[in-house]
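Summary of the model geometry
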Amino acid sequence: MTLLLIGAGSQAYRAYLLRSVAEEYDIHLLADREPTWETPYLSGHTVLDTTDVAAMREAARALPCEGVLTWDDTRVVQTARLAADLGLPGTPPEAALRCRDKRATREALDRAGVPQAQSILVTSLPQARAAAARVGYPLVLKPRALNASTGVVKVESADALARSFRLARAATAPGAQEVAPGDVLVEEYLDGPEVSVDAAWHEGRMTPAFVARKECGFAPYFEETGHLVDGGDALLSDPRLLEVVQAAHTAVGFTTGWTHTELRLTSRGPRIVEINARIGGDRIPDIGRLALGVDAARTAAQVACGRLPELTARDRRVAAVRFLYPETDCIARDVRIEPGALPGSVDSAEAIALPGQELRLPPNGHVSGRYALITVAGESAEQCRADLDKASQAVALEVLRAL
């Protein structure tokens, strides 16, 4: 089978997905640049503007492909449009756009009565002040159509609103095609831990894959510093949680594909934070594989080709990923890893930063401050966290200079 892949993403975060899919499919990559590390996994490629659906459609028509897939948040709408134009399986493009546009998500969920945060769209500071008076403090500001928590900030009081609003409104992300640049959502702050649900969808029917528990840092920003998947997590079969996820997808009209849904487990029950119309990032599918033995990438490819999802847990372990950050903004000289000092539970310890790369912490950067990642698998969350602590000591960042 030939699968069209729209963008491969970065090697550190997406190579394992591409490697897995390539074991079962011939992959033709449509990308904005010539492939480098991706080449061994490809049957072919075409370099073009992946924001141009017409150009991708012309390239695809010369190929006998069975499905279209992306795990790039900034290309989910174009991928849905391409699949529809080619008559291939996928979710309606308008549903993908509702997921991409956080305001459209809120409106669809509100109409359907799906539990979520109160949210008000604003375009100016006076509007933000009026919205804050309605929502109440603490609250959250977030750009309308960015990802990776870019520009998202918790605001504790009116004194911090102006500065935080300017930050959220000015936030940008590489490759993002913003729905409405400058639009900001003023939202109710949801209490409780944050989790994500990765699931396969076939004609509106959900097959949950795994639940990840998120760890955040650098308050008041929401930088994702790690995730943990427990193969025995009761949330994976919790009827209320799954009911909310199902209702949210029905509300936005999502039918076929893979989604990564973020929720808060509040004192009033689960509330939707956002729906991402693609496979989870931050190596979450990798730790899902370590914990449960499920292959999210291959299953997402199956669904993209119109096949029923095959998700059967073979293990019930615990796995986690942690990202390492410098103490301050800096330029990296080198990242050194001592393999002999890593615990046996470590599955991977990888440098992310390249020599000469700028590492910037929130609010100056999001995700870009990471210099390494570590994944572990064990029998308990406590063991995984302890082993991550130990493994972190085996990874050293050499700094060229502070910024």
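These remarks concern the structure in this document. The shown structure was predicted, so the numbers you read here are calculated from the model rather than taken from an experiment. (Residues numbered from 1 in each chain as written. Predicted model: local features only at pLDDT ≥ 70, side-chain atom pairs only at ≥ 80, totals over all residues. Heavy atoms only, no water.)

**Details of the layout of surface pockets**
For clarity, the cut-off: Only protein atoms enter the 1 Å grid, on which a cavity is a set of points fitting a 1.4 Å probe that cannot get out and a pocket is an open set with protein on both sides within 12 Å along at least 5 of 7 lines, lining residues being those with an atom within 4 Å of a point. Grid points are joined across faces, edges and corners, and a volume is the space filled by probe spheres set on the points. Numbering goes from the N terminus for both helices and strands, where a helix is a DSSP run of H or I of at least four residues and a strand is a run of E of at least two. Three residue categories are used. Nonpolar comprises Ala, Val, Leu, Ile, Met, Phe, Trp, Tyr, Cys and Pro, charged comprises Asp, Glu, Lys and Arg, and polar comprises the others, including Gly.
If you add up the space inside the second largest pocket, you get close to 250 Å³. For the lining of the second largest pocket, the element with the highest residue contribution is helix α1 (residues 11-22), accounting for 7 residues. Grouping the amino acids of the lining of the second largest pocket by side-chain chemistry returns 8 nonpolar, 3 polar and 8 charged.

**Description of helix α3 (residues 76-86)**
Inclusion rule: Partly exposed describes any residue whose relative accessible area lies between the buried limit of under 20% and the exposed limit of over 50%, with all areas from a 1.4 Å probe on protein chains only and scaled to the type maximum.
Buried residues of α3: Val 76, Val 77, Gln 78, Thr 79, Ala 80, Leu 82 and Ala 83, and no others. Downstream of α3 by a residue or two, Gly 87 has a phi angle that is positive, lying close to 70°.

**Remarks on unusual backbone geometry**
Residue Pro 138 is bonded to the preceding Tyr 137 through a cis peptide linkage, with omega at -5°. Topologically, Pro 138 is positioned in the loop between α6 (125-135) and β6 (139-143). The residue after Ala 219, namely Pro 220, is reached through a cis peptide bond having omega 10°. Phi is positive for Phe 218, close to 60°, though the residue is something other than glycine. Here Phe 218 shows up in the loop between β10 (205-217) and β11 (223-230). Despite not being glycine, Asp 282 has its phi angle at roughly 55°, a positive value. Tracing the backbone shows Asp 282 in the loop between β13 (269-276) and α9 (284-292). Owing to a relative accessible area of 11%, Asp 282 belongs among the buried residues under this scheme.

**A short note on empty space enclosed by the protein**
Summed over all chains, the structure comprises 4 cavities of 30 Å³ or more. In this model, the largest cavity occupies a volume close to 250 Å³. Residue lining of the largest cavity: 21 residues in total, with Val 68, Thr 79, Thr 256, Gly 257 and Ala 277 positioned closest to the centre. Put simply, the parts of the chain that give the lining of the largest cavity at least two residues each are β4 (67-69), α3, β12 (257-266) and α10 (296-304). With 4 residues, α3 is the largest single contributor of residues to the lining of the largest cavity. When grouped by side-chain class, the residues that make up the lining of the largest cavity number 14 nonpolar, 6 polar and 1 charged. Here the second largest cavity is characterised by a volume of approximately 60 Å³. Taken together, Asp 73, Val 76, Ala 96, Cys 99, Arg 100, Lys 102, Leu 146, Glu 274, Ile 275, Asn 276 and Ala 277 make up the full set of residues lining the second largest cavity.

**Brief notes about the packing of aromatic side chains**
Selection criterion: Here a Phe, Tyr or Trp ring, Trp counted by its six-membered ring, pairs with any other such ring whose centre lies within 6.5 Å, and the pair is stacked when the planes are under 30 degrees apart, edge-to-face when over 60, and tilted otherwise. The rule for a charge over a ring is simple: NZ of Lys or CZ of Arg within 6 Å of the ring centre, and within 35 degrees of the ring normal.
Applying the stated criterion to the full structure yields 3 aromatic pairs. Ring centres of Tyr 13 and Phe 323 lie 6.1 Å apart, and the angle between their planes is 50°; this geometry places the pair in the tilted category. Separated by 310 residues along the polypeptide, Tyr 13 in helix α1 and Phe 323 in strand β14 (residues 318-324) bring together distant segments of the chain. For Tyr 13, a relative accessible area of 13% gives the class buried. Ring centres of Trp 201 and Phe 254 lie 6.5 Å apart, and the angle between their planes is 70°; on these two criteria the pair is classed as edge-to-face. Of this pair, Trp 201 sits in strand β9 (residues 194-202) while Phe 254 sits in the loop between α8 (239-252) and β12; the two residues are 53 residues apart in sequence, bridging distant segments of the chain. Like Phe 254, Trp 201 is buried. The side chain of Lys 154 reaches across the aromatic face of Tyr 189, ending 4.1 Å from its centre. Note that Arg 370 overlies the ring of Phe 323, its terminal NZ or CZ placed 3.6 Å from the centroid.

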